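Tertiary structure, described
In case you want the letters, here they are:
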Amino acid sequence: MGEEDYYLELCERPVQFEKANPVNCVFFDEANKQVFAVRSGGATGVVVKGPDDRNPISFRMDDKGEVKCIKFSLENKILAVQRTSKTVDFCNFIPDNSQLEYTQECKTKNANILGFCWTSSTEIVFITDQGIEFYQVLPEKRSLKLLKSHNINVNWYMYCPESAVILLSTTVLENVLQPFYFRAGTMSKLPKFEIELPAAPKSTKLSLSERDIAMATIYGQLYVLFLRHHSRTSNSTGAEVVLYHLPREGACKKMHILKLNRTGKFALNVVDNLVVVHHQDTETSVIFDIKLRGEFDGTVTFHHPVLPARSIQPYQIPMAGPAAVTSQSPVPCKLYSSSWIVFQPDIIISASQGYLWNLQVKLQPIVNLLPDKGRLMDFLLQRKECKMVILSVCSQMLSESDRATLPVIATVFDKLNHEYKKYLDAEQSYVMAVEAGQSRSNPPLKRPTRTQAVVDQSDMYTHVLSAFAENKEMPHKFVIAVLMEYIRSLNQFQITVQHYLHELVIKTLVQHNRFYMLHQFLQYHVLSDSKPLACLLLSLESFYPPAHQLSLDMLKRLSTANDEIVEVLLSKHQVLAALRFIRGIGGHDNISARKFLDAAKQTEDNMLFYTIFRFFEQRNQRLRGNPNFTPGEHCEEHVAFFKQVFGDQALMRPTTF
């Protein structure tokens, strides 16, 4: 398989750490995304590395027994270390604060600490087998203050740092989950819910394994993902992932089921709002997008993989350090290794090799794997880095080799303009709210963010339509049809069409002598009136004489002042058109010769300069009986230029009667 076939890859610059071995224990903190390498219980050093900070934190601590769990608070202010089932030790990493350790014992008698989670830089939650304890850490006093606690039997727990929700597994079957939400010193209990376990024969005792649950934010909503391995006895086709939506308010609800159609060992990641399911036996992965249309049965939506299963792109481990001799080739990394550990949302760790990767989605290969252009657009418009890929798809569907049908092209344009219009409306609402003085409202107004899914007219013109219209191989009828289809789509969404798109249509029509069609488009206002368009029409008079009148009619409809029309034409180097226009309205006796000669000279077209110069000489002769310019007209430099190019003898001589 070539590179263009893999749609998942490991990031180029992984976090490297010392491999796990009998002396070196490796821990991962999901909140800060940090790897801790703890040697000999910390006595010979602790090295902390995160994906963003290339400067690792290194320190030593006394070996007071085996480390069960180690994590920094947010912003790396306080270190917490669990060594026993009853206590957690703390050490300040804040300048000017005491470095001495302090300890907190769990409050509940006979309880064992299963683990802890930092919810802010100074707030921590202990999870015990008998409940949950929420503390505030007071670093300057080297003590903790209990804010709230809740008693409940706990089998295991899970934490989602992005949404600050802890999930506790309760009951004998472990399948009743109790969520708690933490925010600014408060702990809220959310409604508990039950995970439906698959049917099983009476003899086997099924319980919910922590391994089969994940929590992740998808499209801004928190979901609990349950990997349901159907028992072999039921007549189902393989495993599935069940998504339960966990809202801040209201009950948790089963929303989506992802059909895997296979059995075996699986692991889950979430990347760019896509659920990625890795399958160890086949060493492949599939992706699901819950925004794409699935099959709805009245309560849940069933989804199938967006694309065929593929392996993660093969990865070479770069040789590092002084041992990296040039002759040594990079070592291929064993993908889907049994030593891989997967963390949410997008992290894969190989403790045995000492690497932490972020999983990434490659969009370009997906273009060729999803033949349905409408579905492809729906998929791409939801991705973060989508704009250039979307534009390349548009160019591709307008190319000779992969030309799409007009209905497909129309569908793609409509999908793009639907997103574009949503953004324009949001932007307009924001501007109106600011003008109405609501900027100091509560909560404060947020300007709509322009995501890459907003593909506007200038993007389409620059990257797709201008090159497409200039392609000589393309049948001009198809070119015109596509341009008109894009304009139709913009009009349908009530988006003001920019003049350069109309200009592109007109230029294409003129190039192929489709003057009748041009006339109709203008007559029936398919092309909207604008000054630049009127100027373009004026410049077409020599090819198509009626263009002059069409242009003037348009300018009149726009109620443009005559001198403004002249200015616009001159700025477009349409000097002759400007002169014809001014003669048409009878104002040519009063215009500034210098202005027209300046414009003619700027075109660097000597014959045009000659024509304009001669016109004004004749005007001078008619009005004053002498072709020469008066000093007040300030045309000396142009007279000199005329003599230099055409010679003295070319100047007009005064005619005497």
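Structure shown above.
The text that follows walks through the structure, step by step, so that each part is easy to find. (Residues numbered from 1 in each chain as written. Predicted model: local features only at pLDDT ≥ 70, side-chain atom pairs only at ≥ 80, totals over all residues. Heavy atoms only, no water.)

Structural notes on the overall build of the protein chain
- A count of helices and strands for the protein chain gives 15 helices and 33 strands.
- In terms of C-alpha radius of gyration, the protein chain reaches 36 Å, well past the compact-globule figure of 26 Å for 657 residues.
- Overall size of the protein chain, expressed as C-alpha extent along the three principal axes, is 125 × 65 × 65 Å.
- When each of the 657 residues of the protein chain is scored for burial, the buried share is 50%.
- Put simply, of all contacts in the protein chain between residues at least 6 apart along the chain, 52% involve residues at least 24 apart.
- Summing over all exposed atoms, the protein chain offers an accessible surface of approximately 32500 Å²; the carbon and sulfur share of this is 51%.
- Averaging the locations of the 71 positively and 68 negatively charged side chains of the protein chain gives two centres separated by 3 Å. (Helix = DSSP H or I, 4+ residues; strand = E, 2+ residues; numbered from the N terminus. Rg over C-alpha atoms; globule rule 2.2 N^0.38 Å. Buried < 20%, exposed > 50% of the residue type's maximum accessible area, 1.4 Å probe, protein only. Contact = heavy atoms within 4.5 Å. Areas by Shrake-Rupley, 256 points an atom, 1.4 Å probe, with all protein chains shown as cover. Lys, Arg positive; Asp, Glu negative; His and termini not counted. Charge placed at Lys NZ, Arg CZ, Asp CG, Glu CD.)

Quick notes on the nonpolar core
- One finds I287, I366, F379, M460, L465, L527 and F596 to be the most contacted residues of the largest nonpolar core, which totals 122 residues.
- With 9 residues, helix α6 (residues 476–492) is the largest single contributor of residues to this core.
- When residues of this core are assigned to domains, at least three map to each of domain 1 (1–7 + 208–315 + 333–361) and domain 2 (566–656).
- When neighbours within four sequence positions are excluded, F596 is seen to be in contact with V566, L570, V575, A578, L579, I591, I612 and F616.
- Judged by nonpolar contacts, the second largest core, of 22 residues, contains V165, I213, Y244 and V300. (Core = buried A, V, L, I, M, F, W, Y, C linked by side-chain atoms within 4.5 Å. Domains from an automatic or database assignment.)

What about the packing of helix α12 (residues 575–584) against helix α13 (residues 593–602)?
- Following both chains from N to C, one finds α12 and α13 inclined at 155°, their axes separated by 10 Å at the closest point. Relative to α13, the element α12 lies roughly antiparallel. Between α12, through V575, A578 and L579, and α13, the contact on the second element is made entirely by F596, A599 and A600.
- When its residues are assigned to classes, the contact of α12 with α13 shows 6 nonpolar, no polar and no charged. (Axes fitted to C-alpha atoms, helices over the stretch in contact; angles between N-to-C directions. Parallel < 35°, antiparallel > 145°, perpendicular 65-115°, else oblique. Nonpolar A, V, L, I, M, F, W, Y, C, P; charged D, E, K, R; others polar.)

Regarding the pattern of salt bridges
- Applying the stated criterion across every chain, the model contains 29 salt bridges.
- The closest approach of N and O atoms between E427 and R447, which form a salt bridge, is 2.4 Å. Residue E427 is located in helix α4 (residues 406–435), and its partner R447 is located in the loop between α4 and α5 (457–470); the two are separated by 20 residues in the primary sequence.
- For E427, a relative accessible area of 15% corresponds to the buried category.
- In this structure, the salt-bridge partner of R594 is D598, at a minimum N-O distance of 3.8 Å. With R594 and D598 both in helix α13 and 4 residues apart, the pair spans about one turn of that helix.
- For D598, a relative accessible area of 29% corresponds to the partly exposed category. (Salt bridge = Lys/Arg side-chain N within 4 Å of Asp/Glu carboxyl O.)

What to know about the sheet that holds strand β13 (residues 131–138)
- Strand order in this open sheet of 4 strands is β11-β12-β13-β14, and the pairing throughout is antiparallel. Where the open sheet ends on each side, the last strands, each with one partner, are β11 (113–118) and β14 (143–151). Across the sheet, the mean angle separating the axes of adjacent strands is 20° when strand polarity is ignored.
- Direction of pairing for strand β12 (residues 123–128) relative to β13: antiparallel, over a ladder of 6 bridges. When the bridges of β13 are listed, I127 appears paired with I132. (Pairing = 2+ DSSP bridges.)

Re the pairing of strand β21 (residues 221–228)
- Across the 8 residues of β21, 7 count as buried, placing the element largely inside the fold.
- Examined bridge by bridge, strand β20 (residues 213–218) and β21 share 6 bridges and lie antiparallel to one another. What sits directly across from T217, in β21, is L222.
- Remark: 2 residues form the turn of the hairpin made by β20 and β21, two consecutive strands paired antiparallel; Y219 in that turn has positive phi of roughly 50°.
- As paired strands, β21 and strand β22 (residues 240–245) are joined by 6 bridges and run antiparallel to one another. Pairing of V224 across the sheet is with Y244, part of β22.

A word on the pairing of β13
- Counting buried positions along β13 gives 7 out of 8 residues, so the element sits mostly inside the fold.
- Taking the residues between adjacent antiparallel strands as the criterion, β12 and β13 are bridged by 2 residues.
- Pairing geometry for β13 and β14, over 8 bridges, is antiparallel. When the sheet's bridge partners are listed, V137 is paired in β14 with L144.
- Hairpin connection of β13 to β14: 4 residues between the antiparallel strands, including R142 at a positive phi of 50°.

Regarding the state of the cysteines
- Summed over the entire model, instances satisfying the criterion amount to 0 disulfides.
- Unpaired in terms of disulfides, C69 finds its nearest cysteine sulfur in C117, a separation of 7.9 Å.
- The structure places no disulfide on C333, whose sulfur is separated from the nearest cysteine sulfur, that of C11, by 11 Å. (Disulfide = S-S within 2.5 Å.)

Without other data, these values stay purely geometric and don't point to any function.
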